[in-house]
Amino acid sequence: MATGITGTAQLDQIVNAVRAKTIFTMQDYGVFPGAFDRVKVPSGNRSYTEPKLSTVTAYDLTEGVDMANAQQLTDSLLTVTPTEVGVQVLYTRLMRETRSEDVATLISRAITDALKLKQDTDGTTQMDTFANSFGSGSTTTLTVGYLNAARAQIQGNATEISKDPQVCVVHPWSYNDLADTIGTYQAVGTNAGPLNIGLAGLPEEVARKYVVGMIAGMPILTDANIARSSNAAKGGV
């Protein structure tokens, strides 16, 4: 007769398998869907269209001389045609009947997460197509100077300026560079250098809560979905 201790290995067919509630893979849904103006395609239309007028010029006149300088006002049309996006997950009837949780609810959540991520990455990839850029890739450290230059480029553009509020979106790695260098703003003259937090500089409480939330009137937002190449990630204003 066999002897020994009876444990779960010996009675493995009658031991209940206990599992915790299903968790989801952590993802960053980003900031693009909520950081900028959004418009809806009117019902019954395939595209969003927005007319835009050209400008005319005002001239100095001479008293008693009729003005004879008629100008032509023209318009142009901005057309944006959305593309289709989809997610497909197929599961069997057997899967539905033998699950320990509501599999349809779990799949629905996973699909919703995928669509949120797609919305954001569509926005982050647009930054790589901007006509103007600063720095030289992985050898450039993000500084306040680059953000101010980007803001000035937008507000002082010779073709068409923008007075709308600007927003800065960077990868968390770039944000780290910015946070490391922002302290030099508090130094003056020949003593310029990093802040001396906890000693002769800022109190330790500031160090514990220190974040870069806004620079030059621009909110500083981070988005981990910005494409990375080695240690380089392109942000935008």
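Right, let's walk through the structure included here. (Residues numbered from 1 in each chain as written. Predicted model: local features only at pLDDT ≥ 70, side-chain atom pairs only at ≥ 80, totals over all residues. Heavy atoms only, no water.)

1. Observations concerning the environment of Trp173
Condition: Elements are defined by DSSP. Helices are runs of H or I of four residues or more, strands are runs of E of two residues or more, and each kind is numbered from the N terminus. Here's how the labels work: a residue is buried when its accessible area is under 20% of the maximum for its type, exposed when over 50%, partly exposed in between, all with a 1.4 Å probe on protein chains only. Contacts: residue pairs with any heavy atoms within 4.5 Å of one another.
Along the polypeptide, Trp173 turns up in helix α5 (residues 172-181). In this structure Trp173 comes out as partly exposed when scored by relative accessible area, which is 43%. Ignoring any residue separated from it by four or fewer positions in sequence, one finds Trp173 in contact with Arg228, Ser230 and Asn231.

2. Focus: the packing of aromatic side chains
Selection rule: Centres within 6.5 Å make a pair out of two Phe, Tyr or Trp rings, where for Trp the six-membered ring is used; the pair is then stacked when the planes are under 30 degrees apart, edge-to-face when over 60, and tilted otherwise. Both a distance and an angle decide whether a charge sits over a ring: NZ of Lys or CZ of Arg must be within 6 Å of the ring centre and within 35 degrees of the ring normal.
Enumeration over the complete set of coordinates arrives at one aromatic pair. With a centroid separation of 5.2 Å and an interplanar angle of 35°, the aromatic rings of Phe32 and Phe36 are classed as tilted. For Phe32, a relative accessible area of 14% corresponds to the buried category. Across from the ring centre of Tyr29, 5.2 Å away, lies the NZ or CZ of Lys116, which sits over that ring. The ring of Trp173 is capped by Arg228, whose NZ or CZ atom sits 5.6 Å from the centre of that ring.

3. A few points about the pattern of salt bridges
The cut-off we apply is this: Salt bridges, as used here, are contacts in which a Lys or Arg side-chain nitrogen is within 4 Å of a carboxyl oxygen on Asp or Glu.
In total, this model carries five salt bridges according to the counting rule given. We note a salt bridge from Arg109 to Asp113, for which the minimum N-O separation is 3.0 Å. Here the residue Arg109 and the residue Asp113 both occupy positions in helix α3 (residues 103-126), the gap between them amounting to four residues, near one helical turn. On the accessibility criterion, Arg109 (38% relative accessible area) is partly exposed. Here Lys234 and Asp128 are joined by a salt bridge, their closest N and O atoms 2.9 Å apart. Taken together, the residues Lys234 in the segment after β7 (232-233) and Asp128 in the loop between α3 and α4 (144-155) connect sequence positions 106 residues apart. Taking relative accessible area as the criterion, Asp128 reaches 52% and is therefore assigned exposed.

4. Some thoughts on a nonpolar patch on the surface
We apply this condition: Patch membership requires more than 30% relative accessible area and the absence of a salt bridge. Residues of like charge join within 9 Å; the nonpolar side chains Val, Leu, Ile, Met, Phe, Trp and Tyr join within 5 Å. Under the convention used here, a 1.4 Å probe and the Shrake-Rupley method define accessible areas, while residue burial counts only the protein chains that appear.
A contiguous nonpolar patch, built from Val85, Val87, Val89 and Leu115 and spanning about 290 Å² of accessible area, is present on the exposed surface. Relative to the elements of secondary structure, Val85 occurs in the loop between β2 (75-80) and α2 (93-98).

5. A closer look at the side chain of Ser47
In this fold, Ser47 is placed in the loop between α1 (32-35) and β1 (48-53). Under the relative-accessibility criterion, Ser47 is labelled buried at 19%. Residues within four places of Ser47 in sequence aside, it is in contact with Val41, Pro42, Thr79, Val80, Thr81 and Pro82.

6. Here we look at unusual backbone geometry
Of note, Ala216 is a non-glycine position whose phi angle comes to about 55°, a positive value. Within the secondary structure, Ala216 is located in the loop between β4 (214-215) and β5 (218-222). On the basis of relative accessibility, which here comes to 32%, the residue Ala216 falls in the partly exposed class.

7. Looking at the nonpolar core
Our working rule: Here, the term nonpolar core denotes a set of buried Ala, Val, Leu, Ile, Met, Phe, Trp, Tyr and Cys residues that are joined through side-chain atoms within 4.5 Å.
Counting residues in hydrophobic clusters, the biggest one holds 12 residues: Leu142, Val144, Leu147, Cys168, Val170, Tyr175, Leu178, Ala179, Val212, Ile215, Met218 and Ile220. Elements supplying a minimum of two residues to this core: α4, β3 (168-170), α5 and β5. Ranked by residues supplied to this core, first place goes to α5 with three residues. Setting aside anything within four residues of it in sequence, one finds Ile220 in contact with Leu147, Cys168, Val170, Tyr175, Leu178, Val212, Gly213, Met214 and Ile215. Residues Phe32, Met127, Val169 and Ala233 belong to the second largest nonpolar core, which totals seven residues.

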